[in-house]
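Architecture at a glance
One-letter residues, chain by chain:
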Amino acid sequence: AISGYAELMENGMARGPEVERFASEIRRNANRLLSLINDIIRLSELDNMEDAITFDQVDLYEIACRCADTLRINAQKHDVSFAIQGEPVMIRANREMMIELVNNLCDNAIRYNERGGWVAVTVREVKGKGVLVVEDNGIGIPKEHQDRIFERFYRVDKSRSKQTGGTGLGLAIVKHIVMLHDASLELVSEAGKGTKITVSF
Ligand code: ADP
């Protein structure tokens, strides 16, 4: 797309408002390409870093609250309400990866939502485990896709994913981070009703 639109402009085939449209397509696709490259690099780093990760005592609630400021602005843009609640919970984890995990899950909960929808993030200690729950009342995931969405490049609705800047790699990164932390992941979702993802550390 990038080279196609650029070629049209180069050959003088774009006039007036078309120039603007083609330029905006080039920018949108260039951004997607960048996200894709970043996600692929990230996954290959995660593939190779098992021994090099530093684990610290971190407060999962504090990390989620910090992410919330940026996520709230993103949610507002989509006309989705964003709430966070919980209590300080100390876990042994890599801080950067926890930020990435929270951001990826919340970003999805916002993007695969409808106008007027909500996203709720909860951090609690349950039976000695740190538990993060990201829940939304968005479009949900049909049963037949639920086993596969954590695979690399698997997307239920390719056009919505593409349109909203998705790469199909976000949940693969989440799964990887969960595995590197010996944590567990649970997905409960219903098409048209919403999605709840629980990570227990
Ligand atoms: P993408 O970059 O396409 O969002 P992800 O790996 O993050 O890729 O997610 C894979 C697919 O899972 C998405 O394309 C979408 O179809 C589905 N999905 C993920 N999170 C949600 C959610 N909260 N609600 C509905 N569908 C979701």
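Here goes a summary of the coordinates provided. (Residues numbered from 1 in each chain as written. Predicted model: local features only at pLDDT ≥ 70, side-chain atom pairs only at ≥ 80, totals over all residues. Heavy atoms only, no water.)

1. Overview of the overall build of the protein
The helix and strand inventory of the protein stands at six helices and seven strands. Secondary structure elements of the protein occur, N-terminal to C-terminal, as α-α-β-α-β-β-α-β-β-α-α-β-β. Dimensions along the principal axes, computed over C-alpha positions, put the protein at roughly 65 × 40 × 35 Å. Within the protein, the fraction of its 201 residues that count as buried is 43%. Sequence separation of 24 or more characterises 70% of the internal contacts of the protein that already satisfy a separation of 6 or more. (Helix = DSSP H or I, 4+ residues; strand = E, 2+ residues; numbered from the N terminus. Buried < 20%, exposed > 50% of the residue type's maximum accessible area, 1.4 Å probe, protein only. Contact = heavy atoms within 4.5 Å.)

2. Considering the pattern of salt bridges
This structure, assessed with the given rule, holds 11 salt bridges. A salt bridge links glutamate 45 to arginine 42, with the nearest nitrogen and oxygen atoms 2.8 Å apart. With glutamate 45 and arginine 42 both in helix H2 (residues 17-48) and three residues apart, the pair spans about one turn of that helix. Through salt bridges with shared partners, a single network forms among Arg42, Glu45 and Glu100. (Salt bridge = Lys/Arg side-chain N within 4 Å of Asp/Glu carboxyl O.)

These results come straight from atomic positions and should not be treated as a statement about function.
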